[in-house]
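Results of the structural survey
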Amino acid sequence: MMRPNPIARSLQGAALVALAGLSGAAQAQEPSATVGDPPTIADTSAMDPGLVRLLDELLAEIAANPTSADARAELGLAYEGNTIWSLAERCYDQSLQLDAEGTQWLFRRGICRFASGDLELAIGDLRATAEVFKNTPVVQARLGDALRIAGELEAAEAAWRRAIAAEERQPQVVRYAASRVGLAQSLLDLEQPEEAAALCREALELAPGYRHAHYTLGLALLELGKDEAGEVELIAGENAFPEFPPGPHTARLRAYGRGFGRRMMVIENLVQAGELEEANRRLAEIMESRGDEYLVLNLAARVAQRSGDGTRARELLAQSLEASPNEPSTLIQSCLLDLQEAGQIAGQLTNMQQMAAQGATLDPAVMTQLQDRGKALCTTALESATAAATAAPTVGSNHYWVGVSHQTAASFAADQNAMGQSLQTALASFQMAQRLGCTEPGFNMQLANLYAQMGRPREMLRYALRHLDAVPRDTTALSTVIQALISNQRTAEIKPYIERLRAAGAGQLPALQFCVQAYLTIADFDGAEAALAEFEAAGPGNPQVAQFVTAVQAHIARERPKAPAPAAGGDRP
Amino acid sequence: MITSLSLLALITPAAAQDATPAPVWFREVGAAAGVDFVHMADRTDRHRFPEIMGGGVAMLDHDGDGDLDLYLVQGGILGEAPEGVERPGNRLFRNDTEPGGPLRFTDVTEEAGVGSTAYGMGAACGDFDRDGDTDLFVTNVGPNVMYVNNGDGTFTDKTAKLKVGDPRWATSAAMFDANGDGKLDLYVVNNLGWSDSIEIECFNYYGEPDYCSPNNYNAPSADVFYTFGRLGFTDATLRTGIDAAFGNGLGLAVGDSDLDGDLDVYVANDATTNLLWVNDGRAIFEDRGIRAGCGLNGNGTPEAGMGVQFVDLDEDGDLDLYMTHLRRETNTFYRNRNGKFSDMSNTTGTAGVSIKFTGFGMGFQDFDLDGTLDLYVANGAVQAWKESERFDPEDPYAEPNHLFRGTRKGKRVTFKLTQPAGATPDPIIGVSRGAAFGDLEGDGDVDIVVVDLDARVKVLENIAPREGAAASWVGFQATSGKKGAIVHGATVSIARDEEGKRQYRQANPAYSYLSSNDPRAHFGLGGAAVARDVQVRWPDGSVELFGDRPAGEYHVLQQGAGQKQ
């Protein structure tokens, strides 16, 4: 029996009409005598069992329906979803032999040929598809992309323009940022940066924060000689990747992605997104077949940690270290687990000290218990990080975590002397990490904070600026630079950073409050008033906001110099 | 509705790549010339990352006799050697070619004292101490080695004395004068903070164990920069700001990207953002890669940067960049305009071909002397091709090398793939890595040496057909100082036509992948008897005019001997 064709259903507009006719023809088609066996992988012993199971199921379906073009194509989608493009291409070939009018499989074959690097063959398929599906944005967009790489720049531009024009002919008009950026790229190839910039701006209106649009806009602005604005856009677009309008097969391809690495990545993403129940469900599937591998155990520990079950996380990491002794990534994960708890305790202690300062009575036994627990956690964190650094001494991030362990231990130091020693040791580890190269995203900020703790403002500023360089719109980074400039008594340089912080932190109470305070520090009362108005507007009805506003207004009234009386003669010295 | 017949007609494209039929340009003469070096990568089923990356080569005149000798960097044994097993080492082959005779090399490794048995990667050459001979720096998985030339063709290992034996995994390196003091400083690119203990299991597209992406290790390594002064080399990495950015470094190019009179450094990183270290003239560097538009490709995505060259492809007097990349990425051309770069790969004619292959060593040279640059790319995968797709049934990583012939259309130079692949009678199919470019016979055309993993080195003698008697050439060696030390990073230019258009070539050995090349600037003249209006832009930004020079010779251009512009 033929499977229903869900993909055909999802194609829209005029394309849908065309395809419906084609599908009807396919059902009436006689099986081809030459189609042969579906392509298979000879040796699957090293492959992920989940993927092997999926392929077996789809092969069984083909065996039951050997003349079904859709069944072959379904196997093609499974191969393609797992980036096995050459086999996917052969499946689509067979589908086309069984149903020569199955244009959707021609489209997929073109995509696979493109992915395999067979550009001319891919363009042949995509051109033919685009002739049929004139009004399908993704088809025109894919063709535009392939033509561009082939150096057919004018034809690429035309295809991207068709992709955009096709949007208007859909039953429901959806405008795609990706298509505008694709066209902008084609225009940059043709040295037309002005229209390219306008398209990128349009894309950013459709999809604010779309990195690819930022990056392409940056390139266009460089071409237009607007270097400063261009650089900001390039940084905002870092690590972009090209996208396409959604296609009818997107969801299926994603669902078929079964390889081990991909499944692990999906779980990581679920953990990051806080979807822990689904993460656990998927993890259980992997644990069944590969539950004794450290990569899986470490991921399970991360899931447990995010679920708030530190004890389970520790158990899993212990198992992982049994499976792969001295594995640096496991040791660092153990270190992080301990540091996270130690950080929470340090926070608790700080809160308690603040309460004590406000007159609350604290139980010294509780304080001591927390102190001891914090110290113990720092010790085990340090042991883990040191073991990782010993096992892999040339990896900078291992030394970084040794440094963070020492830095955290300083929070529990008995006295200033001990704290100083911990910070100094932390610095030595950070310097080693710096020399080797450290990927931890907050490394420069951590260094800036460490130098601040050590009372070394010059170095604090240096690393705060480096951090800001990487995240130019980050409010914490901007605040730290401002603090560092104040510490260095370079108040004359502060104002541009405050203005950047005001822009980056628009609507955010802490950032705007910091701006007000910074303006006051440099006695820029006009700036302070402007920022204060923004602060007030960001927190209407908030009593703490109102209290702060009143206090600042009073301060300004008191401190603002009176307008000087007309000078009797000459400038003031 | 379109009928099935018409649809099938639409979907039948040309089956073959659009390739320019061209006669053979190169003949592989390694064995006949006595270069019997076989690279050994020590590939295992553990897929340790460095196994798949190595294989550099240097062309240098080690004995000062005016021709280019070959230094081949061996992999050998990664880690401890089993008991009783001797480690294979690097080898030096002296060029003994007679004028007009066939290429002839003799192994002089032992007498020269340069047979390091570390697991080697690449090499950099230069007269860093300005004593008139070429010194040799070797990068390794483990401590690097500096061989200082004794002036008689032998070397002394002075790594410890000069304190340049950094133990991390280094890949490419270059010697150049960063601070304008006339002495060559040393930049060393590091890849990963690799050790056996961080090795992990990775899987290819088919779900089978294979080599990892470098990002799987999360251990990119900062590079090292040494300045050379009265006290020898000093590790200036922190002082000069080179620690501020880093990645999984592989390729390296040096040139004055912003024409401000000092040499900048470009590092091609593998799957991490590339770095453009812009020099302030005092060897204080700032990474401007992303801001200048050449840190990421045109999509804003980091690519797997391998080989790289600063080269003026659009003939406007500044240095563009070209870089080789992984399969499913284009080889990327960054056009330079006023120190800002745009990814214009799609205009070169090489992008579409390159997405199927993984490029490593590369070089733009005018191989057929027609006055337009051509491009040679040494390819080899880092993830296995499936059985049915393999180019070599015996080696799932093997790929064919490519030669692209440059043609000028109006203002633009574009490139077309030639067939047979690589322009040799039998296509060179291997896991190619390092490729060095230079005139080995001294006959005025550029030859190539390619290192393939686990294979005998290929020496490709240039036999490109000339357009009748029309082909001619000229070469220039840029020198300075009393002993005529070779200057790295000078840009030589000649007039191309009566309208004042010029052609520019770098005199610089540092480009390609893990390799050191002929330090001379080479021009095909397409039949002209004279190279007209020769000019040199020295690394300090000064320009000197050297007038017309006859074709068919290598000319020495001594700094200070020309007419100042």
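Structure shown above.
The structure contained in this document is the topic of the report that follows. (Residues numbered from 1 in each chain as written. Chains lettered and ligands numbered in written order. Predicted model: local features only at pLDDT ≥ 70, side-chain atom pairs only at ≥ 80, totals over all residues. Heavy atoms only, no water.)

When you go through chain A residue by residue, the secondary structure sums to 29 helices and zero strands. Across its three principal axes, chain A shows a C-alpha extent of roughly 100 × 70 × 45 Å. Residue pairs at least 24 apart in sequence account for 57% of intrachain contacts in chain A once pairs closer than 6 positions are excluded. Taken as a whole, chain A presents about 26000 Å² of accessible surface, with 52% of it coming from carbon and sulfur. Positive and negative side-chain charges of chain A, numbering 48 and 68 respectively, have mean locations separated by a distance of 2 Å. (Helix = DSSP H or I, 4+ residues; strand = E, 2+ residues; numbered from the N terminus. Contact = heavy atoms within 4.5 Å. Areas by Shrake-Rupley, 256 points an atom, 1.4 Å probe, with all protein chains shown as cover. Lys, Arg positive; Asp, Glu negative; His and termini not counted. Charge placed at Lys NZ, Arg CZ, Asp CG, Glu CD.)

Every buried residue of helix 23 (residues 443–453) of chain A is accounted for by Phe443(A), Asn444(A), Met445(A), Leu447(A), Ala448(A), Leu450(A) and Tyr451(A). Those residues of helix 23 of chain A hidden inside the fold are in contact with helix 21 (396–410), helix 22 (416–436), helix 24 (457–470) and helix 25 (475–487) of chain A. (Buried < 20%, exposed > 50% of the residue type's maximum accessible area, 1.4 Å probe, protein only.)

On to the packing of aromatic side chains. For any pair of aromatic rings, the description consists of the separation of the ring centres together with the inter-plane angle of the planes. One pass over the full model with this rule turns up 31 aromatic pairs over all chains. Centre to centre, the rings of Tyr451(A) and Tyr463(A) are 5.8 Å apart; their planes meet at 15 degrees, and the pair counts as stacked. Of this pair, Tyr451(A) sits in helix 23 while Tyr463(A) sits in helix 24, and the two are 12 residues apart along the sequence. Their ring planes at 40 degrees and their centres at 5.6 Å tell us that Phe357(B) and Phe391(B) sit as a pair that is tilted. Taken together, the residues Phe357(B) in the loop between helix 4 (351–354) and strand 25 (359–365) and Phe391(B) in the loop between strand 26 (374–379) and strand 27 (399–400) connect sequence positions 34 residues apart. A relative accessible area of 7% means that Phe357(B) is categorised as buried. Taken together, the ring pairs connect Phe26(B), Phe367(B), Tyr376(B), Phe437(B) and Tyr511(B) into an aromatic cluster. A cation over a ring is seen here: Arg520(B) above Tyr554(B), with NZ or CZ 3.8 Å from the ring centre. (Phe/Tyr/Trp six-rings, centres within 6.5 Å; stacked < 30°, edge-to-face > 60°. Lys NZ or Arg CZ within 6 Å of the ring centre and 35° of its normal.)

All names here are of chain B. Taken together, four strands build an open sheet; the order of strands is 2-33-32-31 and the sheet is antiparallel. Every other strand in the sheet has two partners, leaving strand 2 (26–28) and strand 31 (432–438) as the edge strands with one partner each. Direction aside, neighbouring strands of the sheet carry axes that sit 25 degrees apart on average. (Pairing = 2+ DSSP bridges. Axes fitted to C-alpha atoms, helices over the stretch in contact; angles between N-to-C directions.)

Counting residues at the interface gives 74 residues for chain B and 75 residues for chain A. Both faces considered, chain B and chain A share a buried interface measuring about 5900 Å² in area, 52% of it formed by carbon and sulfur atoms. Note that Glu231(A) and Arg291(B) form a salt bridge whose closest N and O atoms lie 3.7 Å from each other. Joining chain B to chain A, the criterion identifies 29 residue pairs in polar contact (both at pLDDT 80 or more). Grouping the amino acids of the side of chain B that touches chain A by side-chain chemistry returns 31 nonpolar, 24 polar and 19 charged. (Buried area = accessible area lost by both parts, 1.4 Å probe. Salt bridge = Lys/Arg side-chain N within 4 Å of Asp/Glu carboxyl O. Polar contact = N/O pair within 3.5 Å; in protein donor to acceptor, adjacent residues only side chain to side chain. Nonpolar A, V, L, I, M, F, W, Y, C, P; charged D, E, K, R; others polar.)

A word on the packing of helix 21 of chain A against helix 23 of chain A. Residues and elements named next belong to chain A. The contact between helix 21 and helix 23 brings their axes to 12 Å, and the two run at 35 degrees. When the axes of helix 21 and helix 23 are compared, the crossing they make is left-handed. Across the interface between the two elements, Tyr 400, Val 404 and Gln 407 of helix 21 pack against Phe 443, Gln 446, Asn 449, Leu 450 and Gln 453 of helix 23. Among the residues making up the contact of helix 21 with helix 23, the classes are represented as four nonpolar, four polar and no charged. (Left-handed = near helix turned anticlockwise from the far one by under 90°.)

As a working rule, side chains carrying opposite charge can pair if their charged atoms are close by. Per the stated rule, a full pass over the model turns up 66 salt bridges over all chains. Among the salt bridges present, the one from Arg180(A) reaches Glu202(A), with a minimum N-O distance of 2.8 Å. You can see Arg180(A) sitting in helix 10 (residues 177–189) and its partner Glu202(A) sitting in helix 11 (residues 193–206), a full 22 residues away along the chain. A salt bridge links Glu51(B) to Arg48(B); its shortest N-O distance comes to 2.7 Å.

Let us now look at the nonpolar core. Tyr400(A), Trp401(A) and Ile482(A) are the most contacted members of the largest nonpolar core, which has 57 residues in total. Top element by residues in this core is helix 27 (residues 509–521) of chain A. It accounts for eight residues. Ignoring anything within four residues of it in the chain, the contact list for Trp401(A) reads Ile332(A), Cys335(A), Leu336(A), Leu339(A), Ala385(A) and Glu440(A). Counting residues in each nonpolar core, the second largest holds 35 residues, with Val395(A), Ile198(B), Ala219(B) and Tyr513(B) among its members. (Core = buried A, V, L, I, M, F, W, Y, C linked by side-chain atoms within 4.5 Å.)

Residue and element names in this part refer to chain B. A full pass over the atoms with the stated rule returns one disulfide over all chains. Across the disulfide, Cys 202 is cross-linked to Cys 212 (sulfur-sulfur distance 2.0 Å). In this structure the cystine formed by Cys 202 and Cys 212 twists about its S-S bond by roughly 95 degrees; its chirality is therefore right-handed. With Cys 202 in strand 13 (residues 202–203) and Cys 212 in the loop between strand 14 (209–210) and strand 15 (224–229), this pair connects stretches of sequence that are 10 residues apart. (Disulfide = S-S within 2.5 Å.)

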